[in-house]
Amino acid sequence: MVISSSSSEWTWKKEDSGPIGSLVQSLLVSISEITASVACINIEQEIFLELGSYLYRTSPVLMELQTTENTPEDAIGILQSLSKNVDLAKNLVGKCQKGSHLISDPELGSIMQQLEEVIKLMGEELRLIPPSTFGDQEYAAITVRSVSKEMQNACFRVCKTQITMPKAVQPRAALSLEELPALTERDLYSIDFSTDNSQLPDIPHHMEDIPKTKSYRSQRNHENMRNGSLKNMPPVNQCMEPLYETFFCPLTKNIMEDPVTIESGVTYERKAITEWLEICSNSAQICCPVTGQKLQSKGLSTNIALKTTIEEWKERNEATRIKVARAALSLASSDSMVLEALDDLQTICRRKPYNKVQIRNVGMLPLLVKLLEYKDRNVRCATLEVLRELAEDDDEAKEMVAKGMDISTIIKMLSSNDQPIRHASLLFLLELSRSQSLCEKIGSVTGGILMLVTIKYNWSSDVFALEKADEILKNLETSPNNIKRMAENGYLEPLLHHLTEGCEEMKMEMGSYLGEIALGHESKTYVAERASPAFVKMLHTGNTLTKKAAFKALEQFSSYHPNGKVLVEAGIVEIMVEEIFTRKIHDEAMNSRKEAAAILGNLLESGIEFENLQVNTHGHTMGSDYIVYSIIHMLKNSTPEDLNTNLIRILLCLARSPKSIASIVSVVKETEASYTLIELINSPHEELGIASMKLLIPLSPYLGHTLVERLCKTRGLPESLIQSPAGTFQITEKQAVSANFLADLPHQNLTLNLALLSNDTVPVILQSIHQMQRSGARASRYASAYLEGLVGIIVRFTTTLYEPQMLFLARNYNFTSVLTELLTKTSSDKVQRLSAIGLKNLSSESANLSKPPEIKGNKFKKFLSFPRSLSIGSPKMKKIRVCPVHRGACSSQNTFCLVEAKAVERLLACLEHENAEVVEAALSAICTLLDEKVDVDKSVSLLSGVDCIQHVLNVAKEHSEEGLREKSLWVIERFLMKGGDTSASYISQDRLLPATLVSAFHHGDGTTKQMAEKILRHLNKMPKVTTNF
């Protein structure tokens, strides 16, 4: 069977709904509507309450007809007749519910008479159901006959005159619970609305075996009853099989649990009669409490027959109550009805463990699961409590409950703003988590463990929730996958506990998890501190898989550089060195050299002080020749590519130390390992080629020409190192590193420059530079480094302009213009510095390349001194532009003139740069306009026009670097010598300059000191030396 829902109304139906199923479903819906409607009627409330009760008690009978295998032959006819009468009752109740008009006494009497006739006819129809319909359930047949008989004897009479007013006009206080008529049950469906009970005058209405729930829900239900929400039907837990007087103890007036018979033949509850006999033990005579008969003996005989009968009655009664509760949940015409049914189910569960089995087997679980989405929060909370009761006892029960539901629904309830729902969902989840087989299912729910961890750490105001969440998490630890999920969600304690305290297999599994999961930076540091000792122990074990797990985890944690110090202090470096250089492949089932080298590379890249770090018992340190020789030896002996990559990473870190770089250079020369490093550039393993070039870059100042020689002799090099990228977004690390490697090799090595030229690399370089200038240098992660390398290659060509091919190359591609543009159209300091160096190299050749125009006649020679272009010869002759600085015909393309390229202003702007290297490079380029090869007078005049001296004065005052100070003082001296009084006056007015000059005079090197002295004398700050002294 399945449950269907429509808004707040729920119906129970068969999966294969035939004619009988359709009729039953229609009847149940109509009955539900009527029972909900009678609560809104203000006239003859007791009669309408009785009417609703009769109709409601027919629901279980209808459901039996739907589910029974012994369907009566005339079942359809019975159901059709019942449907006709129920529809009539619905119309009659609707007339009394409208409240839109006054109902006269005759009209009300007619309605009551028709309703009475409807109930009687329904009773007659129920009588037609044969007992065989219910199979071996004799009590069901008895109760159907009982309710049929009662309905046939129904009598509805108006007891007084009714004057009905519309509800909006006539206020009426709802009846309190005490005002409701007392209900005394005689059988499963009967209700007596009188307070007189002559058969059992001393039996209480609320019996001990049916306790009322004392939870907040019961309080809520009582409030609902006071508001009239339960007027439509009796409480569910009062519907039971007929009671018998013999069930009740004469003393306690309650149903007996352990009935015993005394000498007089009267049966009592054992505990009650025992207390009675003890009280009367001091009396002269002991009498029977009921008959008064004198007792000769205190003997008690268990009334086995009665005890068995009571137990059987209770079982049948509870089975009936379960069915009634199921009917109530399927109808669910009101929140109060559902709550009453849920409360009764909880009571039945607590009464006897087997009752839980009956509830689970009767098809109640789908109804309860659906109720988890009910609109009323009290219903949801009560449903969780019932499900928890049903899940108790054993794992099979838990699995049965969990099988038909979505655990994610419970997880969502953990974040509810309603505390009772949160607590109920936690308790239910706690119960399910006690089943080891369900732990994996709970942990796999998206966000489940995260929610529990959040409650554990962040809900300090809700201690109950915090404690239960902690218990659930402890239960979930039985699943290794859950431990991993906890770690991923910030709860690392279980994983660390099992890593340090668990068995060998668990340690291995936890170590593997640590190598796989992605942790935040803070978590990585915390784990490294806690787990380092455990990792060391795992590495010393003989279990190969355990060692592999430890290496995997250490590789991840060592990659986070702040962990370097922690791991070094734990002794990881010594173990890694031993694994790389000492352990033999044939002695181990698995070789971990690659992982060890990766871990050691990570630790060295973290910035630890390694020079004096002892790595073995022989006294070797990390910076010793032993390490360098061992690594170079392994590189030359064709070790695996991954291992080679990590070995080169280690060498690259060692190269940061002046002592170690000297050892590396010495060993590379001695072993001719440069061949190996150059060959590795062409490795199909791209990461290895990149690592090799990264190592060669710091070696190039020491082995540059050797590297160039071997590079040019290697097949495919160097041209394969310069490739046009598919776009600025596709620039790779290898392209960036390759360009910088070529740029850092000795610039004046003509062999390499010609090799690059012969393979047409320059067009590719310039095209890439132009493309990056257009899109921005930061279009890719490696774009900036790639641009720096390309500009460096262009600059290397400017150092060999004496070679005709290089000169043609610089002119053909207008290097002056390219480098001038790069001065200001880049955000890279290195590109600016390299561009200025390139312009300086080009400008140094301008005086040699600039030739005065050939002019016939001496009368025109005087025009050569003018700074502007003049007409030579007749007006028809072409105008020739003469450079005032280089004293000849100049252009940016052919003679690399900085003036014609309009590079002077951009170089002066670079003098204001924060980077001293950029400033020095730009100032060096400007100095080429003031050397002895040019017309210094004209150059000073031209530079004065663009306020050059002020920029240079600022450089002298703001920078203390020796080379930069020397160049700036040299320029100032040139302006004083060639700039005349104007320049001297301008310079002397700078108040801070004398202090700068004095500092240079006292602390500068020889050249700087001499220039400072000359300027001070020129400014009359020092006495001039004469020949008289």
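Since we're looking at a predicted model, the values are computed, not measured. (Residues numbered from 1 in each chain as written. Predicted model: local features only at pLDDT ≥ 70, side-chain atom pairs only at ≥ 80, totals over all residues. Heavy atoms only, no water.)

Attention now moves to the overall build of the protein. Per the secondary structure count, the protein includes 48 helices and seven strands. The proportion of buried residues among the 1029 residues of the protein is 53%. In the protein, of all internal contacts separated by at least 6 residues, the share reaching a separation of at least 24 is 71%. Element-wise, carbon and sulfur atoms account for 49% of the exposed surface of the protein, whose accessible area totals about 47300 Å². (Helix = DSSP H or I, 4+ residues; strand = E, 2+ residues; numbered from the N terminus. Buried < 20%, exposed > 50% of the residue type's maximum accessible area, 1.4 Å probe, protein only. Contact = heavy atoms within 4.5 Å. Areas by Shrake-Rupley, 256 points an atom, 1.4 Å probe, with all protein chains shown as cover.)

For the α-helix, the turn length of 3.6 residues means that residues three or four positions removed from each other point alike. Listing the buried residues of helix H17 (residues 436-443) in full gives Leu438, Cys439, Ile442 and Gly443. One side of H17 holds all its buried residues, which, seen down the axis, span an arc of 135°. Considering only its buried residues, H17 is in contact with helix H14 (395-403), helix H15 (407-413), helix H16 (419-433), helix H18 (448-458), helix H19 (463-476) and helix H20 (480-488). (Arc of directions from axis to C-beta.)

It is worth spelling out the packing of aromatic side chains at this point. Applying the stated rule across the entire model yields five aromatic pairs. Pairing tyrosine 457 with tyrosine 491 gives two aromatic rings, centres 5.8 Å apart and planes at 70°, and the pair type is edge-to-face. Taken together, the residues tyrosine 457 in helix H18 and tyrosine 491 in the loop between H20 and helix H21 (493-501) connect sequence positions 34 residues apart. For tyrosine 457, a relative accessible area of 46% gives the class partly exposed. A residue is classified by how much of its surface remains accessible, and tyrosine 491, at 6% relative accessible area, is buried. Between phenylalanine 535 and phenylalanine 557, the ring centres sit 6.3 Å apart and the planes meet at 35°, which makes this aromatic pair tilted. Note that phenylalanine 535 is positioned in helix H23 (residues 521-540) and phenylalanine 557 in helix H24 (residues 544-558), a separation of 22 residues in sequence. A relative accessible area of 1% places phenylalanine 535 in the buried class. (Phe/Tyr/Trp six-rings, centres within 6.5 Å; stacked < 30°, edge-to-face > 60°.)

What follows deals with the packing of H23 against helix H26 (residues 572-581). Where H23 contacts H26, the axes come no closer than 11 Å and their chain directions differ by 25°. One way to sum up the angle between H23 and H26 is to call them roughly parallel. Like other packed secondary-structure pairs, H23 and H26 cross with a definite hand, here left-handed. Residues Val536, Leu539 and His540 of H23 pack against Ile572, Ile575 and Met576 of H26. A breakdown of the residues in the contact of H23 with H26 according to their chemical character gives five nonpolar, one polar and no charged. (Axes fitted to C-alpha atoms, helices over the stretch in contact; angles between N-to-C directions. Parallel < 35°, antiparallel > 145°, perpendicular 65-115°, else oblique. Left-handed = near helix turned anticlockwise from the far one by under 90°. Nonpolar A, V, L, I, M, F, W, Y, C, P; charged D, E, K, R; others polar.)

Moving on: the packing of helix H31 (residues 673-680) against helix H32 (residues 686-712). At a closest axis distance of 9 Å, the pairing of H31 and H32 adopts a crossing angle of 130°. Taken together, H31 and H32 sit at an angle that is classed as oblique. In this structure, the crossing between H31 and H32 has a hand that is left-handed. Of the residues in H32, those in contact with Ser674, Tyr675, Leu677, Ile678 and Leu680 of H31 are Leu688, Gly689, Ser692, Leu695, Leu696, Leu699, Thr706, Leu707, Arg710 and Leu711. A per-class count over the contact of H31 with H32 returns 10 nonpolar, four polar and one charged.

Now for the side chain of asparagine 482. Topologically, asparagine 482 is positioned in helix H20. Polar side-chain contacts of asparagine 482 include one of 2.9 Å to the backbone oxygen of cysteine 439. Not counting chain neighbours up to four residues away, the residues in contact with asparagine 482 comprise Cys439, Glu440, Gly443, Ser444, Ile449 and Leu476. (Polar contact = N/O pair within 3.5 Å; in protein donor to acceptor, adjacent residues only side chain to side chain.)

This brings us to the environment of glutamate 44. When you line up the elements, glutamate 44 lands in the loop between helix H1 (19-37) and helix H2 (45-57). For the pair glutamate 44 and methionine 112, spaced 68 residues apart in the sequence, the C-alpha separation amounts to 9.5 Å.

Between leucine 717 and the following residue, proline 718, the backbone shows a cis peptide bond with an omega angle of 0°. A positive phi angle, close to 60°, is found at lysine 253, a residue other than glycine. Mapped onto the secondary structure, lysine 253 falls in the loop between helix H7 (216-226) and strand S3 (259-261). For arginine 887, which is not glycine, the phi torsion reads 60° and is therefore positive. Structurally, arginine 887 can be placed in the loop between strand S6 (882-883) and strand S7 (888-889).

Turning our eyes to something else, we now look at the side chain of arginine 965. By the secondary structure assignment, arginine 965 is in helix H45 (residues 962-978). No salt bridge forms around the buried arginine 965; measuring N to O, its nearest opposite-charge neighbour glutamate 962 is 5.4 Å away. Look past the residues within four positions of arginine 965 in its chain and what remains in contact with it is His959, Ser960, Ser999, Ala1000 and Thr1008. (Lys, Arg positive; Asp, Glu negative; His and termini not counted. Salt bridge = Lys/Arg side-chain N within 4 Å of Asp/Glu carboxyl O.)

This next bit is on the nonpolar core. By size, the foremost hydrophobic cluster in this structure holds 175 residues, and its most contacted members are Leu514, Phe535, Met622, Ile650, Leu711 and Ile972. In this view, leucine 711 contacts Ile678, Ile681, Leu717, Pro718, Leu721, Phe741, Leu742, Leu745 and Leu752; residues no more than four positions away in its chain are not counted. (Core = buried A, V, L, I, M, F, W, Y, C linked by side-chain atoms within 4.5 Å.)

It is worth spelling out the pattern of salt bridges at this point. Applying the stated criterion across every chain yields a total of 35 salt bridges. The salt bridge involving glutamate 431 is made with lysine 398; its shortest N-O contact spans 3.0 Å. Separated by 33 residues along the polypeptide, glutamate 431 in helix H16 and lysine 398 in helix H14 bring together distant segments of the chain. In this structure, glutamate 431 and lysine 398 share a single accessibility class: buried. Where glutamate 493 meets arginine 530, a salt bridge forms, and the shortest distance between an N and an O atom there is 3.2 Å. Residue glutamate 493 is found in helix H21, and its partner arginine 530 is found in helix H23; the two are separated by 37 residues along the sequence. For glutamate 493, a relative accessible area of 31% corresponds to the partly exposed category. A relative accessible area of 35% means that arginine 530 is categorised as partly exposed. A single network of salt bridges, built from pairs that share partners, joins Asp258, Arg270 and Lys307.

Attention now moves to the sheet that holds S3. The strand order S4-S3-S5 describes an open sheet built from three strands, whose pairing is antiparallel. Two strands bound the open sheet, and with one partner strand each, they are strand S4 (267-269) and strand S5 (301-302). The pairing of S3 with S4 spans three bridges and is antiparallel. When the sheet's bridge partners are listed, threonine 261 is paired in S4 with threonine 267. Each of S3, S4 and S5 touches helix H8 (residues 270-279); the most contacted strand, S4, lies at about 95° to it. (Pairing = 2+ DSSP bridges.)

Let us look at the environment of serine 844. As for its position among the elements, serine 844 is in the loop between helix H39 (829-843) and helix H40 (846-849). C-alpha of serine 844 to C-alpha of cysteine 897: the two residues are 53 residues apart in sequence and 9.3 Å apart in space. Serine 844 has contacts with Thr928 and Lys933, leaving out every residue within four places of it along the chain. A polar side-chain atom of serine 844 sits 2.8 Å from the main-chain carbonyl oxygen of lysine 840.

In this model H45 runs 24 Å from its N-terminal to its C-terminal C-alpha over 17 residues, within 8% of the 24 Å that 1.5 Å per residue would give. Among the residues of H45, those classed as buried are Leu964, Arg965, Ser968, Leu969, Val971, Ile972, Glu973, Arg974, Phe975 and Leu976. Buried residues along H45 sit in contact with helix H42 (916-927), helix H43 (936-944), helix H44 (948-958), helix H46 (980-988), helix H47 (993-1003) and helix H48 (1006-1018). (Expected span 1.5 Å × (residues − 1).)

This next bit is on the confidence of the model for the protein. Per-chain confidence: the protein averages 81 in pLDDT, with 84% of residues scoring 70 or above. In the predicted structure, residues 160-239 sits below a pLDDT of 50 and forms 173 contacts with residues beyond four places in sequence or in another chain. The low-confidence segment residues 585-589 (pLDDT under 50) makes four contacts with residues lying over four places distant or belonging to another chain. (pLDDT = per-residue confidence, 0-100.)

A cluster of like negative charges, contributed by Asp394, Asp395, Glu396 and Glu399, occupies part of the molecular surface. Position of glutamate 396 relative to the elements: it lies in helix H14. A relative accessible area of 57% means that glutamate 396 is categorised as exposed. (Patch = residues over 30% accessible without salt bridge, like charges linked within 9 Å, V, L, I, M, F, W, Y side chains within 5 Å. Charge placed at Lys NZ, Arg CZ, Asp CG, Glu CD.)

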